[in-house]
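# Survey of secondary and tertiary structure
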Amino acid sequence: ASDFNAPGTSGSFDNCTAQDDLRLRIRKVTDNQNTLTSLNQVLNLDTNVSFDCGDLGFPNVELYVIDEAGNWDYCTTYVVIQDNNNICPEGELADIAGHVETEFEEMVEDVNIDITGTTSIPAILTGNDGAFHFNNALLGGNYTVTPEKDVDYLNGVTTYDLVLVSKHILGLTQLDSPYKIIAADANHSGTVTTLDMVQIRRLILNIDTELASNTSWRFVEKDFVFPNPTNPFQTLFPEVININELNVNEMGADFVAVKIGDVNGSAVPNTLLGVQNRTFGGTLVFDVADVKMEAGQTYTVAFKANDFTKMLGYQFALELDTNAAQIVDVEAGNLKQLSAENFGLTQTAEGIVTTSWDNVNLATLKDGQTVFTLTIEATTAAKLSDVLTISTQSTVAEAYTADATELNVAIAFNGDKVTTVAGVEFELFQNEPNPFQSVTNISFNLPKASNATLTVYNVSGKVLKVVTDNFSAGQHTITLDRDELGSTGMLYYQLDTETDSATKKMILVD
């Protein structure tokens, strides 16, 4: 045990016991080992352990320290056991390696790869290339490779997934791969039903933060061929890879990763892909009557249809300034298949209501019909339009039309004032492509309708191009042609509005 302690430096210490008087114990970590709970159990451990040929690799050990009063604690570390002199029979080491990727061949990072078997091997995480590589497995040994990733349940999960799952259940449009069907099985029942939709919607509404009976990712051995791809649950599919009597390097221990709840492949599996810029084909607007609120008064706010034509679904969050008012209730209006289950009320104390609705039969409301109502109680005098907005928190705001066009979501107060468009802040993006030879696109976000000016100039400050227009709230893209610029090399582009400004560099090459 003393080999793992460092007297006088960073070793074990106690505030009342001299370091030399601390008692140390050590034990090897084995499968199905009991957790020690008493001082007597710890004191019965030995002060040393030995290793043999069966321990080649990285066996774990537990180091215990006990003070004079009988208080104790422990930590877990590992030993590197090598057979440099080839003493051990069949002691040669081999490699086990592979990749984890989605069915779209996108590499998945931060997957915990655990290998259990003949020798103890510490688990590792995949990098952003989805790769893992162990070089310390014992030839002739038996091993099981198990991937696991159970974080960020909402990654890639939206109400549009509910639309696709609903179409699959109703037989309108079948999910076209076994991996997508596995992704739709949110409750891990081996079937895809409306119960899975309930589980996914509760995630979207922030009622639940995880799936009670499932992990956020599941994994399938890549080489496995589904006997019936339209029903991947017909037979058990392998979620681990078993390697028996390893006799050569195993470099193809590959898995297909399935993000649960994401049936359209929108999850971001690694940081190299970054956050994808979203392009909307328009905006779903709710008409709301503005009102000057008085403290102590209760108001019923009706969210009315505005060009609500052939909608497949929507999701967003409303945020109310809790310094001005409190949320009392929310009720469904004239929209079919909209009920209490389509609203999340777990964050009302923070002034947030989430909503998610879908209807594969396409819903159309006449302008002015009430979609839902929000009841609030004012705690101070305030104008409704100043304290109520589409939130950028909790639930991503988006809507979907019959042709799968993605829309942003906004509120129009009294028909002429649109609040900050959901999820949009002032932002100027890097031009694409960059560097460029002929044409490049410059995109930007505006949180509200406003006049904006894009100016392009060279390193000496000479203005090469100016674009000024009155833009709506949301994302916009301006395309520039090299013939408009008349200059090469390093250029700058600047976006200005009445309240914001941003500048970025770009390169025009010959």
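This is a predicted model, so every value here is computed, not measured. (Residues numbered from 1 in each chain as written. Predicted model: local features only at pLDDT ≥ 70, side-chain atom pairs only at ≥ 80, totals over all residues. Heavy atoms only, no water.)

### Brief notes about the overall build of the protein chain
In terms of regular secondary structure, the protein chain is built from 6 helices and 31 strands. The C-alpha atoms of the protein chain give a radius of gyration of 30 Å, which is well past the 24 Å a tight globule of 510 residues would have. Seen through its C-alpha atoms, the protein chain measures out along the principal axes to roughly 80 × 65 × 60 Å. Among the 510 residues that make up the protein chain, the fraction classed as buried is 45%. Here the contacts in the protein chain between residues at least 6 apart in sequence split such that 70% fall between residues at least 24 apart. Approximately 25,200 Å² of the protein chain is accessible, and the part contributed by carbon and sulfur atoms is 46%. Here the protein chain contributes 26 positive and 69 negative side-chain charges, whose respective centroids are spaced 10 Å apart. (Helix = DSSP H or I, 4+ residues; strand = E, 2+ residues; numbered from the N terminus. Rg over C-alpha atoms; globule rule 2.2 N^0.38 Å. Buried < 20%, exposed > 50% of the residue type's maximum accessible area, 1.4 Å probe, protein only. Contact = heavy atoms within 4.5 Å. Areas by Shrake-Rupley, 256 points an atom, 1.4 Å probe, with all protein chains shown as cover. Lys, Arg positive; Asp, Glu negative; His and termini not counted. Charge placed at Lys NZ, Arg CZ, Asp CG, Glu CD.)

### A few points about the sheet that holds strand β25 (residues 427-428)
What the 3 strands build is an open sheet, ordered β25-β26-β29; its pairing is antiparallel. Edge positions in the sheet fall to β25 and β29 (474-481), since each has one partner strand and no second. Here 8 bridges tie strand β26 (residues 439-446) to β29, and the two strands are oriented antiparallel to one another. Pairing of T440 across the sheet is with L480, part of β29. (Pairing = 2+ DSSP bridges.)

### Side note on the environment of S394
With respect to the helices and strands, S394 occurs in the loop between β21 (388-390) and β22 (398-401). Under the relative-accessibility criterion, S394 is labelled partly exposed at 26%. The spacing of S394 and S356 is 38 residues in sequence and 12 Å in space, taken between C-alpha atoms. Excluding its chain neighbours within four sequence positions, the residues that come into contact with S394 are L154, N206, A317, Q347, I352 and T354.

### Observations concerning the nonpolar core
The biggest cluster of nonpolar side chains holds 41 residues, and the ones touching the most others in it are F286, F303, F308, Y314, V371, F372 and L374. Excluding its chain neighbours within four sequence positions, the residues that come into contact with F286 are F303, K304, F308, Y314, F316, V371, F372, V409, A410, I411 and A412. (Core = buried A, V, L, I, M, F, W, Y, C linked by side-chain atoms within 4.5 Å.)

### Overview of helix α4 (residues 194-204)
Three or four residues apart is the spacing at which side chains of an α-helix point the same way, because the helix has 3.6 residues per turn. By the burial criterion, the buried members of α4 are D196, M197, I200, R201, L203 and I204. Projected onto a plane normal to the axis of α4, the buried residues spread over an arc of 150° and lie on a single side. Structurally, α4 contributes buried residues whose contacts are with α2 (159-170), α3 (178-184), β15 (308-320) and β18 (352-365). (Arc of directions from axis to C-beta.)

### Overview of unusual backbone geometry
Here the amide bond leading from E432 into P433 is cis, since omega sits at -5°, within 30 degrees of zero. Structurally, P433 can be placed in the loop between β25 and β26. Residue P435 is reached from N434 by a cis peptide bond, and omega for that bond is 0°. In this structure, N206 takes a positive phi of about 65° despite not being glycine. Its place among the elements puts N206 in the loop between α4 and β9 (217-221).

### Some remarks on the pattern of salt bridges
What the rule picks out here adds up to 8 salt bridges. One salt bridge connects D176 with K180, and the closest N-O pair in it is separated by 2.7 Å. We note a salt bridge from R201 to D358, for which the minimum N-O separation is 2.5 Å. Placement of R201 in helix α4 and of D358 in strand β18 is noted, with a sequence separation of 157 residues between them. Relative accessible area serves as the criterion here: at 12%, R201 is assigned to the buried category. Judged by its relative accessible area of 6%, D358 falls in the buried class. (Salt bridge = Lys/Arg side-chain N within 4 Å of Asp/Glu carboxyl O.)

### A closer look at the side chain of D67
When you line up the elements, D67 lands in the loop between β2 (60-66) and β3 (72-78). At 2.7 Å, the side chain of D67 forms a polar contact with the backbone nitrogen of N71. Once residues within four sequence positions are removed from consideration, D67 is found in contact with D14, T17, L22 and R23. (Polar contact = N/O pair within 3.5 Å; in protein donor to acceptor, adjacent residues only side chain to side chain.)

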